[in-house]
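# A look at the structure
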Amino acid sequence: MKTTVFELTPDLEVELEPKNYPYGKEDVPLGTYTAKLDFMLWSKSGLTINCFFTLEDSHRKISLSVYRKAANQGRYLAGEIEVRYLPFGTLLELTVEANALGKPRLTNMVMKKQQ
């Protein structure tokens with residue numbers, strides 16, 4: 001299966017505008033809510049996938065990261081979902097909690113039925 005995660009290039013950055021997707025604790029709500037996956041980019045290190053979402057209720061844009069963990073056999077999991085293969089436009093239920101530093105952390109992701 002082919003990954004849907006993009007490599008960041010200057011041209012791609014201008015086209016997708018990741019800077020319009022804030023990731024700070026004051027910008028990303030905690031809790032469980034529905035969002036559409038707009039696109040994904042590999043981090044510069046290649047160890048993280050940055051996911052860019054539009055919230056369904058407010059249409060705000062946010063960014064959350066998914067990390068590769070050895071405990072998951074090196075997979076990029078959010079809950080049970082391997083995010084590398086998600087198609088853009090997928091509607092997801094996200095669960096976001098605060099980490100030890102109070103920053104938002106994606107802890108679960110569930111695909112929602114398209115209506």
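As a reminder, the structure under discussion sits directly above these lines.
Presented here is an overview of the structure given in this document. (Residues numbered from 1 in each chain as written. Predicted model: local features only at pLDDT ≥ 70, side-chain atom pairs only at ≥ 80, totals over all residues. Heavy atoms only, no water.)

Across its full length, the protein chain carries one helix and seven strands. If you list the helices and strands of the protein chain from N to C, you get α-β-β-β-β-β-β-β. Rg of the C-alpha trace for the protein chain: 13 Å, near the compact-globule value of 13 Å for 115 residues, within the 12% margin. If you line up the protein chain on its principal axes, its C-alpha atoms span 35 × 35 × 30 Å. A burial count over the protein chain gives 38% of its 115 residues as buried. Within the protein chain, residue pairs in contact and separated by at least 24 positions form 53% of the contacts whose partners lie at least 6 positions apart. Surface exposure of the protein chain reaches about 7200 Å², of which carbon and sulfur atoms provide 52%. Counting 15 positive and 14 negative side-chain charges, the protein chain places the averaged centre of each group 5 Å from the other. (Helix = DSSP H or I, 4+ residues; strand = E, 2+ residues; numbered from the N terminus. Rg over C-alpha atoms; globule rule 2.2 N^0.38 Å. Buried < 20%, exposed > 50% of the residue type's maximum accessible area, 1.4 Å probe, protein only. Contact = heavy atoms within 4.5 Å. Areas by Shrake-Rupley, 256 points an atom, 1.4 Å probe, with all protein chains shown as cover. Lys, Arg positive; Asp, Glu negative; His and termini not counted. Charge placed at Lys NZ, Arg CZ, Asp CG, Glu CD.)

Our focus in this paragraph is the pattern of salt bridges. In total, this model carries three salt bridges according to the counting rule given. Between D38 and K36 there is a salt bridge, with the nearest N and O atoms lying 3.2 Å from each other. Note on D38: relative accessible area 16%, which makes it buried. (Salt bridge = Lys/Arg side-chain N within 4 Å of Asp/Glu carboxyl O.)

With that settled, the discussion passes to the sheet that holds strand β2 (residues 48-55). Spatially, five strands are ordered β3-β2-β1-β6-β7 in an open sheet, and the strand pairing comes out antiparallel. This sheet does not close on itself; its edge strands, each paired only once, are β3 (61-67) and β7 (104-111). For this sheet, the mean inter-axis angle between neighbouring strands, taken without regard to orientation, is 45°. Note: strand β1 (residues 31-42) against strand β6 (residues 91-98), six bridges, orientation antiparallel. Residue pairing in the sheet places G31 in a bridge with V96 of β6. (Pairing = 2+ DSSP bridges. Axes fitted to C-alpha atoms, helices over the stretch in contact; angles between N-to-C directions.)

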